[in-house]
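Remarks on the overall topology
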Amino acid sequence: MKIHEKYITRCIQLAKNGLGTTYPNPLVGSVIVHKNEIIGEGWHYKAGQPHAEVNAISSVSNTKVLKEATIYVSLEPCSHFGKTPPCANLIIDTGIKKVVLGSLDPNPQVAGRGIKRLMEAGCQVIVGVLENECNQLNKRFFTFYQKKRPYIFLKWAQTADGFIAPKSETRNETKPVWITNEFSRQLVHKMRAEEQAILVGTNTVLQDNPSLTVREWTGENPTRIVIDKELKIAQDFSVFDTSSKTIVFTEKEGKTSENITFEKIDFSEEIPKQICEALFRSNIQSIIIEGGAKTLQTFIDANLWDEAFVFYGNNTFIEGVKAPVFKGEMISEKNIKDDTFRNFKNPNS
């Protein structure tokens, strides 16, 4: 591995520590190297808090050597004033003269301006080291700015014979029917903590009364998105509690409150497209489509998905609600005790 790649790899490792907490900001890691030794490193923890470059520079004990050091950053340093000052200015002010970057920032407020400012100040700037890996790190952020929509994950569990739910008349209202084991369910809660929003349809809420929160993992609850065309869901359902914000897509007039927002869309038009447009306006960069089968299939048929998380249990239902039909390229597979978990990507997204 080349020397620059070694340190950008470390930047990527650091950046991943912020997954689920930096929205709407990207994941960024930074390393400062002097005489082939790391003397400082940091990552962006949370929106509104110091960026990766600030944390890396702050961690350097002997700041006198910064003029001879190289700073590595997984994403182009910002050049604008937001909740924090521009990182490009800080790099210049500390006297660092060599900057190595992974990928360019797609945010129009940055988009090359950070590099330009560094070069105008006399810094040597190297761009594009492990660019694909750095782009993949921020796939949510890049999709949001380049495609004007959230990065979309599909998620469901299915039985060995291809069902995601039993026949409605065989359901026990007081006891949920689990397809997967407790370890797979814990992984689902980890996924929820990493993404900004989670979406379900009306029937899923009416039949299962899910809270759609993070309970078996540590992290923030995602924003809950509910499709409820005719506002059939009563206010005492769990999706309307105060544990997280909820957005309801409907054709009716709803009374917006501090916790609940109603968005009117035209159900005779492309529903997934309208939802994505509204979520883009709400600055939501990632979403898990969690059910039910009809809702998942609607997004699949619209080709509005990027990855699919599919859990395969070893039990059977014989009959019930069939799993969605899709064509994806499997990128990983692992066993979770007696379950199988597969991650697919959409080759056409």
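Look a little higher up for the structure.
For the structure given in this document, a descriptive report is provided here.

Cut-offs used in this document
Residues numbered from 1 in each chain as written. Predicted model: local features only at pLDDT ≥ 70, side-chain atom pairs only at ≥ 80, totals over all residues. Heavy atoms only, no water. Patch = residues over 30% accessible without salt bridge, like charges linked within 9 Å, V, L, I, M, F, W, Y side chains within 5 Å. Areas by Shrake-Rupley, 256 points an atom, 1.4 Å probe, with all protein chains shown as cover. Salt bridge = Lys/Arg side-chain N within 4 Å of Asp/Glu carboxyl O. Lys, Arg positive; Asp, Glu negative; His and termini not counted. Charge placed at Lys NZ, Arg CZ, Asp CG, Glu CD. Helix = DSSP H or I, 4+ residues; strand = E, 2+ residues; numbered from the N terminus. Phe/Tyr/Trp six-rings, centres within 6.5 Å; stacked < 30°, edge-to-face > 60°. Buried < 20%, exposed > 50% of the residue type's maximum accessible area, 1.4 Å probe, protein only. Lys NZ or Arg CZ within 6 Å of the ring centre and 35° of its normal. Pairing = 2+ DSSP bridges. Axes fitted to C-alpha atoms, helices over the stretch in contact; angles between N-to-C directions.

Turning our attention to a negative patch on the surface. Residues Glu230, Glu251, Asp266, Glu269 and Glu270 make up a contiguous surface patch of negative charge. Along the chain, Glu270 turns up in the loop between β11 (260-264) and α9 (271-281).

This part takes up the packing of aromatic side chains. Evaluation of the coordinates by the stated rule reveals 12 aromatic pairs. On the numbers, 5.2 Å between centres and 90 degrees between planes, the contact of Phe144 with Tyr145 is edge-to-face. Residue Phe144 is classed as buried on the basis of its relative accessible area, which comes to 3%. Measuring from ring centre to ring centre gives 5.1 Å for Phe326 and Phe344, while their planes differ by 90 degrees; the resulting arrangement is edge-to-face. Of this pair, Phe326 sits in the loop between β14 (320-322) and β15 (329-336) while Phe344 sits in strand β16 (residues 339-345); the two residues are 18 residues apart in sequence, bridging distant segments of the chain. For Phe344, a relative accessible area of 10% corresponds to the buried category. A connected cluster of aromatic rings, assembled from ring pairs, spans Tyr151, Phe153, Phe309, Phe311 and Phe341. Just above the ring of Phe163 sits the side chain of Lys322; from NZ or CZ to the centre is 4.7 Å.

What follows covers unusual backbone geometry. Here the residue pair Tyr23 and Pro24 is connected by a cis peptide bond, since its omega of 5 degrees sits within 30 degrees of zero. A cis amide bond, omega -5 degrees, links Gly291 with the succeeding residue Gly292. With respect to the secondary-structure elements, Gly292 resides in the loop between β12 (286-291) and α10 (293-301). A positive phi angle, close to 55 degrees, is found at Leu231, a residue other than glycine. Here Leu231 lies in the loop between β9 (223-227) and β10 (246-250).

Spatially, β2-β1-β3-β4-β5 is the arrangement adopted by the five strands of the open sheet, whose pairing is mixed. Each edge of the open sheet carries a strand with a single partner, namely β2 (37-43) and β5 (124-126). Strand-to-strand, the axes of this sheet are offset by a mean angle of 20 degrees, without reference to chain direction. Here strand β4 (residues 98-103) runs beside β5; their pairing, made up of three bridges, is parallel. Within β5, the position partnered with Val99 by the bridge is Val125.

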